[in-house]
Structures are given as C-alpha cells and as structure tokens.
Amino acid sequence: MDAQSVFTLNDTERHELSALADVLAGTEPGKIDEESWMSAGRDRSASIPARLAARVRQFRHDSGVDGALLIRNLPVAEGLPPTPAVLGSVEREATNPASVITLVSLQLGEIIAFRNEKSGALVQNVVPVPGQEAAQNNAGSKRLGMHVENTFHPNRPDYVALFCLRADHDREAELQITSVRRAVELVSDVDRKVLQQPRFVTAPPSSFPSLGGEPEPHALLVGDVDDPDVRADFISTVPLDEEAAAAKDRLEQAFAEVVESLKLEPGDLAIVDNRLALHGRSFFKPRYDGQDRWLHRTFIQLDGRRSRAVRQGNGSVLD
Ligand SMILES: O=C(O)CCC(=O)C(=O)O
Ligand SMILES: [Fe+2]
C-alpha cells in the first residue's frame with residue numbers, strides 16, 4: 001500500500017485511545033445499539049488523539065489511490081473472551097474494543113446497519129462459523145470473492161471498517177483490498193465504455209425482501225470517467241450480454257493485478273472506501289477452539305439524509 005494509506009499510532013496515543021474507550025464503554029446503558037450510548041460515542045469521538053482525527057478527516061476528503069486506510073497499533077483490551085462461533089454474531093455490549101471501533105468510525109461518519117443483516121446490530125463480528133466454511137460471506141473461511149459491500153443495495157455503506165481483535169492461528173488469512181483508482185488504468189477505453197453502461201444486475205439476497213422485484217440494471221464504473229466509483233460484486237453481479245461479460249472479466253482481472261493483501265494483526269483497523277475499493281479474503285483454517293480469527297465490523301455512511309426514509313425514528317438501522 002501507499003505510505004499515505006497506513007497510519008500508525010504511537011504508544012502514547014494508543015494509551016489515550018484505550019482510556020477514552022474505557023470511558024465510553026462505562027457509559028450507561030452500556031449497550032451499543034441504544035441511541036443514548038451512540039450519542040455519547042459521537043461526543044467522545046471528538047476526543048480521539050488529534051493526529052488520528054486529522055488523518056481520518058483527510059481520508060474522508062480523499063481516500064487516496066488505495067481507497068483504504070490501515071490504522072495500526074490501536075489498543076486491544078487484554079483478556080478477550082473466546083471468539084464467538086455462531087451465525088449472525090454481533091457485539092451488543094459496550095466493550096473496550098467495540099468502543100474503539102465506534103470512536104474511530106464516528107469521526108468518519110455515521111454508523112449504520114441493515115435490519116435484515118446481522119439483526120441490525122451496529123458493531124458486528126466477523127468470525128468463522130462451523131459448517132459455513134464455503135459460505136460467500138463473513139462466516140466462511142474458504143476464499144471470499146472480491147466485492148463492494150452490499151452492491152445490490154441503494155444505501156450501501158460508504159465505508160466498511162474491519163478491526164482485528166485476534167488473528168487466525170496460522171496467520172494465513174489475508175484481507176484483500178483492490179482499488180478502482182489503480183485498476184482502471186489497466187482497462188481499455190472500449191471496455192470502460194461498456195462498464196459505464198447499465199448492462200449488469202446484482203440481485204439482493206432473499207434476506208432483503210423489501211428490495212424485491214426486478215433488480216435495476218447498473219453500471220460497474222460510475223461517475224467521473226477518469227476517476228470513477230466502482231459498483232461490482234464478482235460473486236453475484238451478472239452481465240446482461242456477451243460484450244458486458246467479457247468487459248467484466250477483464251475488469252476483474254485488472255482488480256486482481258493491483259490487489260493488496262493485508263495480514264491483519266490485533267490492533268489493526270482497515271477502513272475500506274466502499275465506493276472506490278473492493279474487498280475479499282483469502283482462505284484460512286479455523287479450529288473452532290475459541291481462539292479463531294475475530295474482527296469487529298462497522299458500516300459507515302456519510303449522508304444520513306439520503307437514507308432517512310428507510311431509517312425509522314431517524315435511528316441508525318436501515319429497513
Ligand atoms: O474476513 C474478512 O477479512 C472480510 C470479510 C468481509 O468481506 C466482510 O466482513 O465484509
Ligand atoms: Fe465484505
């Protein structure tokens with residue numbers, strides 16, 4: 001990754017942030033999904049170490065050539081409980097690590113969740129689940145294909161934050177991030193024209209009945225011709241004709257050529273700009289012994305007004 005895409009806290013900053021997270025974790029009612037707790041998180045997020053706040057602010061302005069920011073040396077509380085191993089795992093208690101990802105996320109934007117995914121919890125666990133090895137989602141441990149998060153959704157998050165609490169046993173697991181700013185350079189003008197046209201569909205999973213009906217065709221490259229956003233999920237986006245299929249294959253190849261692979265360490269927080277970068281994960285071997293790979297995840301949105309009609313009571317959960 002570009003040096004600009006990595007930010008490392010010094011130990012003083014790590015201690016300051018850990019103390020701030022303890023204060024937030026101890027704030028009543030100690031439940032992440034309660035609006036009063038999240039509101040306290042917004043207040044406290046204004047007090048994260050100044051250098052980190054400045055870097056996050058610059059990242060919000062422009063997420064750089066990698067479309068991602070890796071923040072390192074964040075605090076990870078001692079005495080973590082065993083890694084959860086259940087489907088749909090979420091974090092509802094205001095723990096120290098959940099408070100850390102909340103504080104950083106809230107400096108970037110608003111934390112949101114989907115009622116139909118992970119029961120609408122605002123801090124979610126990404127953990128391997130027995131029997132789900134081959135699942136093409138966060139519960140799996142086989143290779144997870146490159147995707148924009150919730151490509152199908154009109155209100156997909158602007159950023160996905162992934163905070164590593166525990167690495168996998170064999171330190172094999174790689175979070176893979178690939179940026180359209182790098183990939184688009186490798187795509188011919190002819191293919192770009194095809195990819196800018198609504199010749200692709202991404203159907204919502206059946207767990208999103210509210211998005212029923214025929215999915216609208218969409219382009220894979222959106223916005224500025226030279227600096228486009230990407231909207232593609234190479235697991236589930238389907239081309240509508242042969243020319244579109246060939247262009248999509250070449251785009252996938254271009255993304256593969258510029259992929260960055262990160263072996264996240266405990267205390268690493270990767271923030272992916274979900275408009276500019278795809279992410280996925282390599283294969284790894286879970287043991288289901290309570291010490292497996294464990295990430296906290298948040299989804300972050302910049303413009304809450306855009307989704308107001310599907311957020312009851314102006315809350316954080318999208319219907
Ligand atoms: O396990 C990972 O590193 C990423 C999984 C993923 O795509 C996600 O949680 O959104
Ligand atoms: Fe994902």
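A short tour of the structure in this document, coming up. Everything quoted here is computed from the prediction, not taken from an experiment. (Residues numbered from 1 in each chain as written. Chains lettered and ligands numbered in written order. Predicted model: local features only at pLDDT ≥ 70, side-chain atom pairs only at ≥ 80, totals over all residues. Heavy atoms only, no water.)

Remarks on helix α3 (residues 50-61)
Spanning twelve residues, α3 covers 17 Å between terminal C-alpha atoms, matching the ideal 16 Å at 1.5 Å per step. Of the residues making up α3, those classed as buried are Leu52, Ala53, Arg55, Val56 and Phe59. For α3, the angular spread of buried residues about the axis comes to 165°, placing them on one side. Facing away from the buried side of α3 by more than 90 degrees, the exposed set consists of Ala50 and His61. Elements in contact with the buried residues of α3: β1 (6-8), α1 (11-25), β2 (68-72), α4 (96-108), β6 (159-166) and β13 (269-273). (Helix = DSSP H or I, 4+ residues; strand = E, 2+ residues; numbered from the N terminus. Expected span 1.5 Å × (residues − 1). Buried < 20%, exposed > 50% of the residue type's maximum accessible area, 1.4 Å probe, protein only. Arc of directions from axis to C-beta. Contact = heavy atoms within 4.5 Å.)

A closer look at the packing of aromatic side chains
Per the counting criterion, the structure on display carries five aromatic pairs. Measuring from centroid to centroid gives 5.7 Å for Phe59 and Tyr159, while their planes differ by 40°, and the two rings are tilted. Of this pair, Phe59 sits in helix α3 while Tyr159 sits in strand β6; the two residues are 100 residues apart in sequence, bridging distant segments of the chain. Judged by relative accessible area, which is 0%, Tyr159 ranks as buried. Above the ring of Tyr159, the side-chain terminus of Arg275 is found at 5.1 Å from the ring centroid. (Phe/Tyr/Trp six-rings, centres within 6.5 Å; stacked < 30°, edge-to-face > 60°. Lys NZ or Arg CZ within 6 Å of the ring centre and 35° of its normal.)

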